[in-house]
Amino acid sequence: MSKTNGYLTSLPREIGHGIAALISPLSRASLGRAFAKGSNIFNLTTTQKRSARVWDMMFKDESWFQAIDDLKYDRTSLPNPTLIGYDLTKLYDGSFTSAYIALLVSDWDNGCRSFKRKLFASLREHDYDKQTFEVRFKNGIILNIRDAITSTEDIEMEDPRRLFRCRKQKLKTAALYYKDENLHKIGSDKIGKVIDMPKKEKKCVEHICSIRLKFGDGMPVYRVIKRHNIPIRLVNIQTTDENGEEWVTSWRLARVDEPEWWP
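Keep in mind it's a predicted model, so treat the numbers as computed, not measured.

*Asks:* Looking at this structure, I do not really get a positive patch on the surface. What am I missing?
*Replies:* Among the surface-exposed residues, Arg165, Arg167, Lys168, Lys170, Lys172 and Lys185 lie close enough to one another that they form a single positively charged patch. Of all the secondary-structure elements, those providing two or more residues to the positive patch are β7 (165-167) and β8 (170-177). In this structure, Arg167 sits in strand β7. Overall, Arg167 belongs to the partly exposed group, its relative accessible area being 46%.

*Asks:* Can you walk me through the sheet that holds strand β11 (residues 208-214) in this structure?
*Replies:* Overall, mixed pairing links the four strands, which are arranged β6-β12-β11-β10 in an open sheet. A single partner strand is all that each edge strand has here, and the edge strands are β6 (154-156) and β10 (191-192). Inspection of the sheet shows β6 paired to strand β12 (residues 220-226) by three bridges, in the parallel sense. Residue pairing across strands places Ile155 opposite Ile225, the latter belonging to β12.

*Asks:* How do you make sense of the pattern of salt bridges when you look at a structure like this?
*Replies:* Where side chains of opposite charge bring their charged atoms close, a pairing between them can arise. For the coordinates displayed, the defined rule picks out 17 salt bridges. For Glu125, the salt bridge goes to Lys138, with nearest N and O atoms at 2.9 Å. In this pair, Glu125 sits in the loop between α7 (116-122) and β3 (126-129) while Lys138 sits in the loop between β4 (134-137) and β5 (141-144), placing the two residues 13 residues apart along the sequence. Lys138 matches Glu125 in its accessibility class, with the two residues each being exposed.

*Asks:* Can you walk me through the nonpolar core in this structure?
*Replies:* A general tendency of soluble globular proteins is for nonpolar side chains to be buried together. Counting 37 residues, the largest nonpolar core has Trp55, Met58, Phe59, Trp64, Leu83, Leu103 and Leu143 as its most contacted members. If one sorts the elements of this core by residue count, helix α5 (residues 63-69) sits on top with four residues. Setting aside its immediate chain neighbours within four residues, Met58 contacts Leu83, Ile101, Ser122, Leu123, Arg124, Phe137, Ile141 and Leu143. By size, the runner-up hydrophobic cluster in this structure holds 24 residues, among which are Leu104, Ala175, Phe215 and Tyr222.

*Asks:* How should I be thinking about the pairing of strand β2 (residues 99-104) in this particular structure?
*Replies:* The element β2 is largely enclosed, with a buried count of six among its six residues. Here three bridges tie strand β1 (residues 82-84) to β2, and the two strands are oriented antiparallel to one another. Bridge pairing in β2 places Leu83 opposite Leu103. Bridge count between β2 and β5: four bridges; the pairing is parallel.

*Asks:* Help me understand the state of the cysteines, please; the structure alone is not making it clear to me.
*Replies:* Here a disulfide denotes a covalent bond joining the sulfur atom of one cysteine to the sulfur atom of another. Taken as a whole and assessed by the stated rule, the structure comprises zero disulfides. Of the cysteine sulfurs around Cys166, a residue in no disulfide, the closest is that of Cys204, at 6.5 Å. Summary of cysteine pairing: Cys209 is not part of a disulfide, and the nearest cysteine sulfur, belonging to Cys204, is at 9.0 Å.

*Asks:* So what exactly am I meant to see when it comes to the packing of aromatic side chains here?
*Replies:* Geometrically, a pair of aromatic rings is defined through the distance of the ring centres and the angle of the planes. Counted under the stated rule, the structure contains 10 aromatic pairs. Aromatic pair Phe59 and Phe65: ring centres 4.8 Å apart, planes at 65°, arrangement edge-to-face. Assigned by exposure class, Phe59 and Phe65 land together as buried. An angle of 10° between the planes, with centres 3.8 Å apart, marks the rings of Phe65 and Tyr178 as stacked. Of this pair, Phe65 sits in helix α5 while Tyr178 sits in the loop between β8 and β9 (184-186), and the two are 113 residues apart along the sequence.

Reading the values: rules and limits
- Residues numbered from 1 in each chain as written.
- Predicted model: local features only at pLDDT ≥ 70, side-chain atom pairs only at ≥ 80, totals over all residues.
- Heavy atoms only, no water.
- Patch = residues over 30% accessible without salt bridge, like charges linked within 9 Å, V, L, I, M, F, W, Y side chains within 5 Å.
- Areas by Shrake-Rupley, 256 points an atom, 1.4 Å probe, with all protein chains shown as cover.
- Salt bridge = Lys/Arg side-chain N within 4 Å of Asp/Glu carboxyl O.
- Lys, Arg positive; Asp, Glu negative; His and termini not counted.
- Charge placed at Lys NZ, Arg CZ, Asp CG, Glu CD.
- Helix = DSSP H or I, 4+ residues; strand = E, 2+ residues; numbered from the N terminus.
- Buried < 20%, exposed > 50% of the residue type's maximum accessible area, 1.4 Å probe, protein only.
- Pairing = 2+ DSSP bridges.
- Core = buried A, V, L, I, M, F, W, Y, C linked by side-chain atoms within 4.5 Å.
- Contact = heavy atoms within 4.5 Å.
- Disulfide = S-S within 2.5 Å.
- Phe/Tyr/Trp six-rings, centres within 6.5 Å; stacked < 30°, edge-to-face > 60°.

Written out as structure tokens, the structure is:
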């Protein structure tokens, strides 16, 4: 054991636990490997271990996250690296099964666009599909990174349904924020859809949907995910959040004589 490791393991346990609470998920993963057979001075909580494990399955270092964290905006809320998708529940609970999830940044000032090289350098070994913006890892995880690269308000995806599960006519998904070790299960009340399309086979989110998340400063944000060239005509339905901000969060089918995508 190195002198550094020896020094760290001699720290009082409460200090070790305090350090573990302050560091990032990827740092916790590295810490867990370094002290796997040593002292329990950095005895991570169950949620800290689970969060660290999920991020560690896709990222080998945190240089991209540090670059995002260094962005400073005056007029818009801060970005917030977030994983979304119902399959996160399996990964978080320790399953090694295949999964489809998306990486969202919610960067309204588009600063993350300049960090594309850092993002790819931070990822674990993978194959990349430029057409779909999907990263395929050897462990069976597919990560959609379109939002991290293009930084547009609406995110195009071949099949948004892959992010959801529908059980007993209720849609569900999940979100894991990089700076929050807890997995957030998201129910129908925070998922926007085409209201006059059936929930069976997730038809109501087949073409377009929204998910209520949060910016880096905790303010609410509704992220819209949609197919390219939606084949149906839709009318927007707006929601006003608790801060008075208006968002397009759901849709309905447009009538024959009605313009689409309004108000």
